[in-house]
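In case you want the letters, here they are:
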Amino acid sequence: MKKIVIIGNSAAGLSALENFRKHDQESQVTVISKEGKLPYSRVLIPYILRKKISYAGIHICPEDYFEKYHAEMICAEVIGIDIEKQTVKTEQTEYPYDELLIATGSYAVSPPIEGINQEGVFHMWTQSDLDHLIPYFDHSKKVCVIGSGFVALQAAWAARYRGLDVVVLELMDRIMPSVLDEEGARLLTEKIREKGVDLRTGVSTQRFEKMDDGTFKIHLAGGEEIEADFVIVGTGVRSNIGFLKDTDIQTERGILVDSHMRTNIPNIYAAGDVAAGPTTFGDEHLIHALWPTACEMGKTAGKNMAGIDFEYEGSLNMNVTEMYGVTVASMGKFYDADADQTYVFDETAGYGYLKICYKDDKVVGACLVGSSDAVKIFGKMRPIIRKKESIECKPEEIFDYINKTTFNEMWRKGL
Ligand SMILES: Cc1cc2nc3c(=O)[nH]c(=O)nc-3n(C[C@H](O)[C@H](O)[C@H](O)COP(=O)(O)OP(=O)(O)OC[C@H]3O[C@@H](n4cnc5c(N)ncnc54)[C@H](O)[C@@H]3O)c2cc1C
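None of the values given here were measured: they were computed from a predicted structure.

If you tally the helices and strands in the protein, you get 10 helices and 25 strands. Relative to the 2.2 N^0.38 estimate, which gives 22 Å for 415 residues, the radius of gyration of the protein is 23 Å and therefore close to what a compact globule would have. Along the longest, intermediate and shortest principal axes, the C-alpha atoms of the protein span 65 × 60 × 35 Å. The buried share of the protein, taken over its 415 residues, is 53%. Summarising the internal contacts of the protein: among those between residues at least 6 apart in sequence, 61% fall at separations of at least 24. Summed over all atoms, the accessible surface of the protein reaches about 19,100 Å², with 48% contributed by carbon and sulfur.

We note that Tyr324 has phi near 55 degrees; this positive angle belongs to a residue other than glycine. Locating Tyr324 in the fold gives a position in the loop between strand E21 (318-323) and strand E22 (326-332). The exposure class of Tyr324 is buried, given its relative accessible area of 1%. At Asp360, a position not held by glycine, the phi torsion is positive, near 50 degrees. If you trace the backbone, Asp360 turns up in the loop between strand E24 (352-359) and strand E25 (362-370).

Turning next to the sheet that holds E21. Spatial strand order, E21-E22-E25-E24-E23: 5 strands in an open sheet with antiparallel pairing. Of all the strands in the sheet, the pair left with one neighbour each is E21 and strand E23 (341-344). Sheet twist, expressed as the average angle between the axes of neighbouring strands with direction ignored, equals 15 degrees. In this structure, E23 lies alongside E24, joined through 4 bridges in antiparallel fashion.

Turning our attention to the sheet that holds strand E14 (residues 216-220). Strand pairing in a sheet takes place through backbone hydrogen bonds and is either antiparallel or parallel in direction. If you trace the 3 strands from one edge of the open sheet to the other, you get E13-E14-E15, paired in antiparallel fashion. The two strands at the open ends of the sheet, each matched to only one other strand, are strand E13 (205-210) and strand E15 (225-228). When strand polarity is set aside, the average angle formed by the axes of neighbouring strands in this sheet is 25 degrees. Sheet topology note: the E14/E15 ladder contains 4 bridges and is antiparallel. Across the sheet, His219 pairs through a bridge with Glu225, a residue of E15.

Right, let's talk about the packing of helix H1 (residues 11-23) against helix H7 (residues 291-305) for a bit. Contact geometry for H1 and H7: axes closest at 7 Å, N-to-C directions at 35 degrees. With respect to the hand of their crossing, H1 and H7 are arranged in right-handed fashion. In this structure, H1 contributes Ala11, Ala12, Ser15, Ala16, Asn19, Phe20, Lys22 and His23 to the contact, and H7 contributes Trp291, Ala294, Cys295, Gly298, Lys299, Gly302, Lys303 and Met305. Counted by class, the contact of H1 with H7 contains 8 nonpolar, 5 polar and 3 charged residues.

Let us now look at the site of the ligand. Looking at the ligand, there are 33 residues lining it, with Ser10, Val78, Trp125, Asp273 and Trp291 nearest. Residue Glu35 places a side-chain N or O atom 2.9 Å away from an oxygen atom belonging to the ligand. Contact between the ligand and Ala289: an oxygen atom at 3.4 Å from a main-chain N or O atom of the residue. Protein contact buries 96% of the 990 Å² of open area that the ligand shows by itself. Within the residue set of the shell around the ligand, elements represented by two or more residues are H1, strand E2 (28-33), helix H5 (150-161) and H7. Of the residues in the shell around the ligand, the class split is 18 nonpolar, 10 polar and 5 charged.

Scanning all chains against the criterion turns up 11 aromatic pairs. The interplanar angle of 90 degrees and the centroid separation of 5.0 Å between the aromatic rings of Tyr65 and Phe66 together place this pair among those described as edge-to-face. Here the two residues Tyr65 and Phe66 agree in accessibility, since each one is buried. Ring plane angle 40 degrees and centroid distance 4.8 Å describe the contact between Trp157 and Tyr324, whose orientation is recorded as tilted. Remark: Tyr324 occurs in the loop between E21 and E22 and Trp157 occurs in helix H5; sequence separation between them is 167 residues. On the basis of relative accessible area, Trp157 is assigned to the buried category, the value being 9%. One aromatic cluster is present, formed by Phe122, Tyr136, Phe137 and Phe230 through successive ring pairs.

Scoring rules and cut-offs
Every chain is numbered independently, its residues counted from 1 as its sequence is written. Residue-level local features of this predicted model are given only where pLDDT is at least 70; pairs of side-chain atoms are given and counted only at 80 or more, and the full residue set underlies all totals for whole chains, interfaces and linings. Based on all heavy atoms of the structure, the side-chain values leave hydrogens and waters out of the count. Per the convention used, a helix needs a DSSP run of H or I reaching at least four residues, while a strand needs a run of E reaching at least two, with both numbered from the N terminus. With the radius of gyration taken over C-alpha atoms, the globule rule is written as 2.2 Å times the number of residues to the power 0.38. Exposure categories follow from relative accessible area, calculated using a 1.4 Å probe and restricted to protein chains: below 20% of the type maximum is buried, above 50% is exposed, and the middle band is partly exposed. In this analysis, two residues are considered to be in contact whenever any of their non-hydrogen atoms come within 4.5 Å of each other. Surface exposure here means Shrake-Rupley accessible area, sampled with a 1.4 Å probe, where a residue is shielded only by the protein chains that are shown. Here the rule is simple: two strands pair whenever DSSP picks up at least two bridges between them. Fitting a line to C-alpha atoms yields each axis, with helices limited to the stretch in contact; the angle taken between N-to-C directions then spans 0 to 180 degrees. Helix crossings fall into two classes, left-handed where the near helix is turned counterclockwise from the far one by less than a right angle and right-handed where it is turned clockwise. Amino acids outside the nonpolar list (Ala, Val, Leu, Ile, Met, Phe, Trp, Tyr, Cys, Pro) and the charged list (Asp, Glu, Lys, Arg) are all regarded as polar, and Gly is one of them. Nearness here has a simple test: a residue counts as near a molecule or strand if at least one of its heavy atoms is within 4 Å of that partner. Polar contact is the term for a pair of N or O atoms within 3.5 Å; when the atoms are in protein, one must be able to donate a hydrogen and the other to accept it, and sequence-neighboring residues count only if both atoms are side-chain atoms. Between rings of Phe, Tyr and Trp, where Trp is taken as its six-membered ring, a pair exists when centres lie within 6.5 Å; planes separated by under 30 degrees are stacked, by over 60 edge-to-face, and by other angles tilted.

Here you go:
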């Protein structure tokens, strides 16, 4: 009987398990995760802080999930892999494998700011972070958020939504470069400020000083000081690959995988945030740290580990969220520099700011700060971008064109 080990019980690990079991009911599967037995979704953390969903709603699987998939769930931290012996090591024991999937995701980074490692300065990345943040959201008046990427601005919005005073400090001169183009960022900045958030760009945070009453004085370059009851740091993530340092598994920012999620070691696969794989646009090794990408990569790994030859078509970045009273979304390549034609809908269309980018007459991406009506098109454009289909209409007619493309036509074209 084959022994399968999956490290990580989140989007990539679970998708792999489910897809593996579609084809293989016999092999022994062990899932190892350092974060508790019952899987949860990080994506839901801001919604719990906003009280849009209950705390218990963070769990994405029923109690009997691992039983249903005939898998043993081990709660432990993996500290190394012995490739020759084919074992996964935890502090307590070793687990032998015939095939291994590494789906360990990423961790939130702490920039080198003095005083960052103390109670009251948090990330918003894990369930444990959420547990620390809840009482602060319930009992504090003011939070300082460091960074202005997707997660940092969701944290700031959750706090503002709950009535806290919020200051956001961003080192760069603009927000969200990996989600919005310059105009989108400018418009969202306006929305954020309209909602009463003190958003400052181009500021360098130097030191977090904890006061006797437990609050913070945040020292900025140039001498200004900001007071806050607690701090949330959202300055990016790194892949969880530290435990691979004594192995020959090839890594850059993440583990390098091919379109089957294979690493350079024959029976070891990687998927999700930890894996740098192929993209729709032909990159060989890129990390798209997104939930759907992790699920797709996990599916690919799971099928291949079960002996099914299944190739990943490549990741396509797509972010969609509601924040500060607007829908913020982007997909694919949405900077002018990556396009040879762009089309921005005018105000009369009623979408807000919606830009579609084309290259060689094919849609390559879009970004939106505006109406939730416009976001419906993103899901429909996704397969078109992936298949590199030409859209035979004027840019301003794209909504009609996509809506008129019937389900049957889409199906016929294999979209
Ligand atoms: C607040 C927040 C909001 C987000 N919002 C969105 C969104 O709106 N849309 C979107 O697409 N994405 C969003 N993301 C990103 C998304 O959550 C990740 O892309 C996704 O969780 C990646 O899944 P994964 O399975 O690769 O890794 P992870 O979810 O990071 O899971 C990694 C797993 O590996 C385990 N693990 C790690 N190291 C070890 C070890 N050494 N030993 C044992 N176990 C280990 C962990 O315990 C965990 O089970 C958000 C993330 C956050 C934090």
